[in-house]
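Observations on chain architecture
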Amino acid sequence: MQPYFFPYIGYFQLINAVDKFVIYDDVNFIKNGWINRNRILINGKDNYLTVHLKDASSFKLINNVNFTGNRNKLIKTIQQTYIKAPYFKDVYSIIEKVLTYECNLISELAHKSIVEVLAYLNIDTEIIVSSEKLNYTKNYKNQERIIAICKELGATHYINANGGQELYNKEIFANEGIELNFIKSQEIKYKQFNNEFISWLSIIDVLMFNSKETVRQMLSMHELV
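Attention in this report is confined to the structure presented alongside it. (Residues numbered from 1 in each chain as written. Predicted model: local features only at pLDDT ≥ 70, side-chain atom pairs only at ≥ 80, totals over all residues. Heavy atoms only, no water.)

1. Considerations on the packing of helix H3 (residues 88-99) against helix H4 (residues 106-120)
Rules: Where helices are involved, their axes are fitted lines through C-alpha atoms of the stretch in contact, as for all axes, and angles between N-to-C directions lie from 0 to 180°. Where helices and strands are cited, they refer to DSSP runs of H or I of at least four residues and of E of at least two residues respectively, numbered from the N terminus. Roughly parallel means an angle under 35 degrees; roughly antiparallel means over 145; roughly perpendicular covers 65 to 115; every other angle is labelled oblique. With the far helix as reference, a near helix turned anticlockwise by less than a right angle produces a left-handed crossing, and one turned clockwise produces a right-handed crossing. Residue contacts follow a heavy-atom distance rule, with two residues in contact if any of their heavy atoms lie within 4.5 Å. Gly falls in the polar group here, along with every residue not listed as nonpolar (Ala, Val, Leu, Ile, Met, Phe, Trp, Tyr, Cys, Pro) or charged (Asp, Glu, Lys, Arg).
Across the interface, H3 lies against H4 with an axial gap of 9 Å and an inter-helix angle of 150°. Relative to H4, H3 is oriented roughly antiparallel. Where H3 crosses over H4, the handedness of that crossing is right-handed. In this structure, H3 uses Asp-90, Val-91, Ile-94, Lys-97, Val-98 and Leu-99 to contact H4, whose residues at the interface are Leu-109, Lys-112, Ser-113, Glu-116 and Tyr-120. Here the contact of H3 with H4 is built from residues that sort into six nonpolar, one polar and four charged.

Set out below in structure tokens:
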């Protein structure tokens, strides 16, 4: 999966379901995607929390895209939004740790947001950054790349987000000795102050309103298809 900035809980369900998780940062940047933004609850409505980028382009690799300095504003927005949430004190320390982390690349900041949440939830899945650890042939495209990565890691079972059903073919993977499944999240609901519930917001929202133990139970609320 590409590195996403404080991604939604389904991203963490996927990480929790596997032994090794590849952060796929040496592919082209996706504009208007989730690499540099996610949604949080502001005044009862979903709003984007966006890290400003510098010269972002779909012609650049994710790990070559820089971000600019609106981090203090993001910290303040999160503080003002969730200060009365039941688990604000514990989760706010994660926000500060991520948004004060010294780096210049959006891939590094997104990576940091992911690993800090994993540490908080005590998830010990091995995280592999593709640009740092893998030597697969970069000329491969789409599922050919994924199959090459699986083979390099010795994987016989590959699990992707549910949206990958449009991209990857189970028969092609099976011919390479790899079982392919997709993770499909079940409905997850919880109390968001006294507002009408808005689903699939950033993990920030989930953590602010739920105990660590409850969130860990949510990580199992999915099926493989």
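2. So, the layout of surface pockets
To keep it simple, the criterion reads: Residues are called lining when one of their atoms sits within 4 Å of a cavity or pocket point, these points coming from a 1 Å grid over the protein atoms alone, where a cavity is a set in which a 1.4 Å probe fits but cannot get out and a pocket is an open set with protein on both sides within 12 Å along at least five of seven lines. Grid points are joined across faces, edges and corners, and a volume is the space filled by probe spheres set on the points.
When its volume is computed, the largest pocket comes out at roughly 1300 Å³. Taken together, 47 residues make up the lining of the largest pocket; nearest its centre are Met-1, Ile-146, Tyr-158, Ile-159 and Asn-160. For the lining of the largest pocket, the elements supplying multiple residues, two or more each, are helix H1 (9-17), strand S1 (20-23), strand S2 (37-42), helix H6 (142-153), strand S7 (157-161) and strand S8 (179-185). Grouping the amino acids of the lining of the largest pocket by side-chain chemistry returns 26 nonpolar, 15 polar and six charged. Taken as a whole, the second largest pocket holds about 200 Å³ of empty space.

3. Structural notes on the packing of aromatic side chains
Short version of the rule: Here is the rule: rings of Phe, Tyr and Trp (six-membered ring for Trp) pair when centre to centre is within 6.5 Å. Planes less than 30 degrees apart are stacked, more than 60 are edge-to-face, and the remainder are tilted. Throughout this description, buried means an accessible area under 20% of the type-specific maximum (1.4 Å probe, protein chains only), exposed means over 50%, and partly exposed covers the range between. Think of it as a cone above the ring: NZ of Lys or CZ of Arg counts as a charge over the ring if it is within 6 Å of the ring centre and within 35 degrees of the ring normal.
Here the structure, examined in full by the defined rule, presents 14 aromatic pairs. Taking the centre distance of 5.8 Å and the plane angle of 10° together, the rings of Tyr-158 and Phe-173 count as stacked. On the criterion of sequence distance, the pair formed by Tyr-158 in strand S7 and Phe-173 in helix H7 (residues 170-175) is long-range, its members being 15 residues apart. Comparing Tyr-158 with Phe-173, the two get one shared label, buried. Through pairs of rings, three or more aromatic residues link up here, namely Tyr-82, Tyr-190, Phe-193, Phe-197 and Phe-209. The side chain of Arg-37 reaches across the aromatic face of Trp-34, ending 5.8 Å from its centre.

4. Things to note about H6
Convention followed: Residue count minus one, scaled by 1.5 Å, sets the expected span of a helix.
Between the first and last C-alpha of H6 there are 17 Å, a value that for 12 residues agrees with the 16 Å anticipated at 1.5 Å per step. Within H6 the residues assigned to the buried category are Gln-143, Arg-145, Ile-146, Ile-147, Ala-148, Ile-149 and Cys-150. Those residues of H6 that are buried are in contact with S1, S7 and H7. Following H6 by one or two positions, Gly-154 has its phi on the positive side, about 70°.

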